[in-house]
Amino acid sequence: MIVRNRTWPAYVALLIVLALCTLAYRPGLRGDFVFDDYANLPALGAMGPVNSSAALVRYLTSGSADPTGRPLAMASFLIDARDWPADPYSFKRTNLIIHLVNGALLCWFLVALGRLIRRDDEQAIVRSTWAAVLTSALWLMHPLFVSTTMYVVQREAMLPAFFTLAGLLLWLRGRTLLLDGRHCAGALLLILGLPACTALGTLCKANGLLLPALALVIEYVVLRPCTPKPSPATDKRYRRWLLMLAWAPAFVVFAYLSYQGFIGITHGVAAIRPWTLGQRLLTEPRVLCDYLRLLWLPQPYSAGLFNDQVRASVSLWSPRTTLPSLLVVLALLVASWQTRHRHPAFAAALLFYFVGQSMESSTIALELYFEHRNYVPALLMFWPIALWLCDDKGFSPMPNALVRKATSKTLLTIKYTLAICIPLALAALTWANADLWGNTHDQALLWAERNPHSPRAQAYAANTEMLAGRPDRAASRLAPLLDEQPAEVQIALNLFAAECQMGSVSPPTWRHAREALRTTRDPGTLLANWFGHLIDEASQPQCPQADLDHAQALLRDALDNKLLTAVPGRSQDLLNLLGRISLSRGDAKQALEDFDRALAEQPREPIAFSQAALLGATGHPREGLAHLATFEQLRAQERPGPWSMVTLHSWVLKRQGYWEHELATLRATLTEDASALPSQPNETNKVHSS
């Protein structure tokens, strides 16, 4: 009761911190969706509104990120909308609420940890409680996490933090009960804390799998040296649980990462990556050092979402920061392990961070750099400084093993002043960053300024300028970059669009666009979106080079690019676009041939039905029926792939009869339209026979 009476002001302070964090983030709530939001959130309405149990199952199984498809993260978006398009405000508000809850859970976890370690020292418990509140404040209001919280789709990174903290809390309580002799209750909480929360976190994003390894860091760095030794039987029982629930899953993750490394080195990585796995492994220490710089030296604005300008390391000496960064990371790892007995909070913070980065910053061939990858790993990063500012000398190997030395009144005043001023300063930086996230136009221009060599950032800013009616500024921005990066398709195509908006595309820009399409790596859906807009506007082109002939010439260049045509999805996009050009010219026969070739790349219902419907909508229902017949032949020959969320989604749709219903409806519509056309016996017989 005495401890509780002395700690309640700390909990009031936590409420003030949460309110201050809300105010700091408030300007960002008015912002729009950005970047990958448009690639992921439209799934809310891709098959109609999510307004029934069948629609819910279809939506939850429609994810393709990770083998799991991240269905729990997808389910969380239903809080904000059940159809698309939708208002971004609700999504951003929910993200902020999750961020605040995570901050409260972090405080709760550190309070529980402090009570376990300092159970015999009431004054130390009070100080560790204040340190927990301060740690939560520093983490909540750090400006680096604005790009996670205000970026709607990165809820997929925030929810694993929630389940990681919930799992650690349950594990901590279960551990206490088990070591106190309450075996059944303790074992139940251990199971809920580690395997259950690991599974839930993994259904949000794959790095949820790291929870058992993170628990082991806390166990062996912080708890084990400070916990009174239990009876041999109890200790043996707990070690068995730890082996099953923590060590075994951690080993599986380690084995998987090692396997990915072996495959990446021996077989290479996807053609979409411009680097090898060995180069990625050399690059990541540089990336980690930059992350730590941003965490330890906060800035109001960072590089944002666009980090494709990060240069991969090709050796230990190129770039020249490669070897020093590798040595820094190794030194931090060694130092944290060597000092774990004298400075366990410092050691735990660093080891927790590096273990938390082990999945996204190692052997899996992901993109090199993203700020949101720090969200979970940095949970304990500010704990050591919070302990120092709250005049807690750090955890010693055993409670009361060291005698606290008297602290001068002046130093104590400085510490307490810093404990108030640092969170306020971070809140101000976060407010500035959140305010930028609330202004999409200024955000695009600032990101381009801070990432001068990023094609994505420059193309995004150029698009913003073109939408604002300033294609001249967009062209001035992009033209110098194209000389430096002639194979960069984002720069070339956006410069083409900017000059076209100004009235005419210059011969050098036309040549650069063709050369970029012949040499670029897979740019994702960029080509489908850009060419689709060009074809739609070709009837009333903004410039002479935006007609169908020029569009077809560019598409032919792309089809000559082996790096593009090696990717079935991209080759399908290009052939589909050729079919749309043929259809725009009234050549239904050639359009059908192009559509059939596109379908053969990946015989899937969405592409088959959209192409058949497009043929019907443009007055060629017989060709639409022929295309459906081709699809049914290809589908009969298709073999099921390995298990993933994609195959489960296909099974769900088949079980619901979704595609069969869509096929019957589309065929009936096309048949009715075909019957209204003048009779063409040869073609009609051909359609029916197929």
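Since this is a predicted model, take the numbers as computed values, not measurements.

Moving on, we come to the overall build of the protein. Counting secondary structure elements, the protein contains 31 helices and zero strands. For the protein, the C-alpha radius of gyration of 29 Å lies close to 26 Å, the compact-globule estimate for 690 residues. Looking at the protein as a whole, 51% of its 690 residues are labelled buried. Taking the contacts inside the protein whose residues are at least 6 apart along the sequence as the reference set, 76% of them involve residues at least 24 apart. About 31,000 Å² of surface is accessible on the protein, with carbon and sulfur atoms providing 62% of the total. Across the protein, the mean location of the 62 positive side-chain charges is 14 Å away from that of the 54 negative side-chain charges.

The contact between helix α8 (residues 155-179) and helix α11 (residues 232-267) brings their axes to 9 Å, and the two run at 150°. One element, α8, and the other, α11, form an angle in the roughly antiparallel class. On α11, the residues that touch Trp 171, Arg 175, Leu 178 and Leu 179 of α8 are Thr 234, Arg 237, Tyr 238, Trp 241 and Leu 242.

Our next topic: the environment of Pro 423. Among the secondary structure elements, Pro 423 is positioned in helix α16 (residues 409-437). Given a relative accessible area of 7%, Pro 423 falls into the buried group. With 287 residues separating them in the primary sequence, Pro 423 and Ser 136 have C-alpha atoms 9.8 Å apart. If we skip the residues at most four places from it in the chain, Pro 423 touches Leu 134, Ala 137, Leu 138, Met 141 and Leu 418.

Okay, the confidence of the model for the protein next. Looking at the protein as a whole, its pLDDT mean stands at 89, while 94% of the residues score no less than 70. In this model residues 683-690 is a low-confidence stretch, pLDDT under 50, and it forms eight contacts with partners more than four residues away in sequence or in other chains.

Once that is clear, we can look at helix α29 (residues 645-656). Taking 1.5 Å as the rise per residue, α29 with 12 residues should run 16 Å; its terminal C-alpha atoms sit 16 Å apart, in good agreement. All of the buried residues along α29 are Met 645, His 649, Val 652 and Leu 653. What you see down the axis of α29 is that its buried residues fit within an arc of 95°, all on one side. Exposed positions of α29 whose direction lies more than 90 degrees from the buried face are Lys 654 and Arg 655.

Tallied over the entire structure, the rule returns one disulfide. Here Cys 500 engages in a disulfide with Cys 543; their sulfurs sit 2.1 Å apart. Judged by the sign of its S-S torsion, about -100°, the cystine formed by Cys 500 and Cys 543 is left-handed. Of this pair, Cys 500 sits in helix α20 (residues 489-501) while Cys 543 sits in the loop between α22 (526-536) and α23 (548-559), placing them 43 residues apart in sequence. This pair shows no difference in class: Cys 500 is buried, exactly as Cys 543 is.

Moving on, we come to the nonpolar core. In this structure, Phe 109, Leu 113, Trp 171 and Leu 295 are the most contacted members of the largest nonpolar core, which totals 110 residues. Residue contacts for Leu 295: discarding those within four places in its chain leaves His 142, Leu 144, Phe 145, Tyr 353, Asn 374, Ala 378, Met 381 and Phe 382. In this structure, Ile 491, Cys 500, Ala 516 and Ala 551 belong to the second largest nonpolar core, which totals 41 residues.

For the bond from Trp 84 to Pro 85, the omega torsion is 5°, close enough to zero to count as cis. As for its placement among the helices and strands, Pro 85 is situated in the loop between α4 (71-76) and α5 (88-117). Of the consecutive residues Ser 318 and Pro 319, the connecting peptide bond is found in the cis state with omega at -5°. If you trace the backbone, Pro 319 turns up in the loop between α12 (277-296) and α13 (322-338). Positioned with a positive phi, Phe 35 is a non-glycine residue whose angle comes to about 45°. Here Phe 35 lies in the loop between α1 (2-25) and α2 (37-40). Residue classification places Phe 35 among the partly exposed residues on the basis of a relative accessible area of 30%.

Moving on, we get to the packing of aromatic side chains. Scanning all chains against the criterion turns up 23 aromatic pairs. With 6.2 Å between their ring centres and 40° between their planes, Tyr 151 and Trp 437 make a pair best called tilted. Taken as a pair, Tyr 151 in the loop between α7 (146-149) and α8 and Trp 437 in helix α16 lie far apart in primary sequence, 286 residues in all. With relative accessibility at 3%, the residue Tyr 151 sits in the buried group. Owing to a relative accessible area of 2%, Trp 437 belongs among the buried residues under this scheme. An angle of 75° between the planes, with centres 5.4 Å apart, marks the rings of Phe 609 and Trp 659 as edge-to-face. Within this pair, whereas Phe 609 is found in helix α27 (residues 605-617), its partner Trp 659 is found in helix α30 (residues 658-675), the two being separated by 50 residues in sequence. Classification of Phe 609 as buried rests on a relative accessible area of 9%. Relative accessible area serves as the criterion here: at 14%, Trp 659 is assigned to the buried category. Members of the aromatic cluster, each reached through a chain of ring pairs, are Phe 35, Tyr 151, Phe 306, Trp 437, Trp 447 and Tyr 460.

A complete count under the given rule lists three cavities of 30 Å³ or more for this structure. Quantified by volume, the largest cavity comes out at close to 50 Å³. Lining the largest cavity, in full, are His 142, Pro 143, Leu 144, Leu 294, Gln 299, Tyr 301, Ser 302 and Asn 433. Of the residues assigned to the lining of the largest cavity, the class counts are four nonpolar, four polar and no charged. If you add up the space inside the second largest cavity, you get close to 40 Å³. Lining of the second largest cavity is provided by Ala 157, Lys 205, Asn 207, Glu 360, His 372, Arg 373, Tyr 375, Val 376 and Pro 377.

What follows is about the packing of helix α18 (residues 455-467) against helix α19 (residues 471-484). When two helices pack together, their arrangement is given by the angle between their axes and by how far apart the axes lie. Look at α18 against α19: their axes get within 7 Å of each other, and the N-to-C directions meet at 160°. One way to sum up the angle between α18 and α19 is to call them roughly antiparallel. In this structure, α18 meets α19 at a crossing whose hand is left-handed. Contacts from Gln 458, Ala 459, Ala 461, Ala 462, Glu 465 and Met 466 of α18 reach α19 at Pro 471, Arg 473, Ala 474, Arg 477, Leu 478 and Leu 481. The residue makeup of the contact of α18 with α19, split by class, is eight nonpolar, one polar and three charged.

Along the chain, the position of Thr 202 falls in helix α9 (residues 183-202). One polar contact links the side chain of Thr 202 to the main-chain amide nitrogen of Leu 209, over a distance of 3.4 Å. If sequence neighbours within four positions are ignored, Thr 202 has contacts with Thr 68, Gly 208 and Leu 209.

Rules used in this analysis
Residues numbered from 1 in each chain as written. Predicted model: local features only at pLDDT ≥ 70, side-chain atom pairs only at ≥ 80, totals over all residues. Heavy atoms only, no water. Helix = DSSP H or I, 4+ residues; strand = E, 2+ residues; numbered from the N terminus. Rg over C-alpha atoms; globule rule 2.2 N^0.38 Å. Buried < 20%, exposed > 50% of the residue type's maximum accessible area, 1.4 Å probe, protein only. Contact = heavy atoms within 4.5 Å. Areas by Shrake-Rupley, 256 points an atom, 1.4 Å probe, with all protein chains shown as cover. Lys, Arg positive; Asp, Glu negative; His and termini not counted. Charge placed at Lys NZ, Arg CZ, Asp CG, Glu CD. Axes fitted to C-alpha atoms, helices over the stretch in contact; angles between N-to-C directions. Parallel < 35°, antiparallel > 145°, perpendicular 65-115°, else oblique. pLDDT = per-residue confidence, 0-100. Expected span 1.5 Å × (residues − 1). Arc of directions from axis to C-beta. Disulfide = S-S within 2.5 Å. Core = buried A, V, L, I, M, F, W, Y, C linked by side-chain atoms within 4.5 Å. Phe/Tyr/Trp six-rings, centres within 6.5 Å; stacked < 30°, edge-to-face > 60°. 1 Å grid on protein atoms, 1.4 Å probe; cavity = no way out; pocket = protein on both sides within 12 Å on 5 of 7 lines; lining within 4 Å. Points joined across faces, edges and corners; volume = space filled by probe spheres on them. Nonpolar A, V, L, I, M, F, W, Y, C, P; charged D, E, K, R; others polar. Left-handed = near helix turned anticlockwise from the far one by under 90°. Polar contact = N/O pair within 3.5 Å; in protein donor to acceptor, adjacent residues only side chain to side chain.

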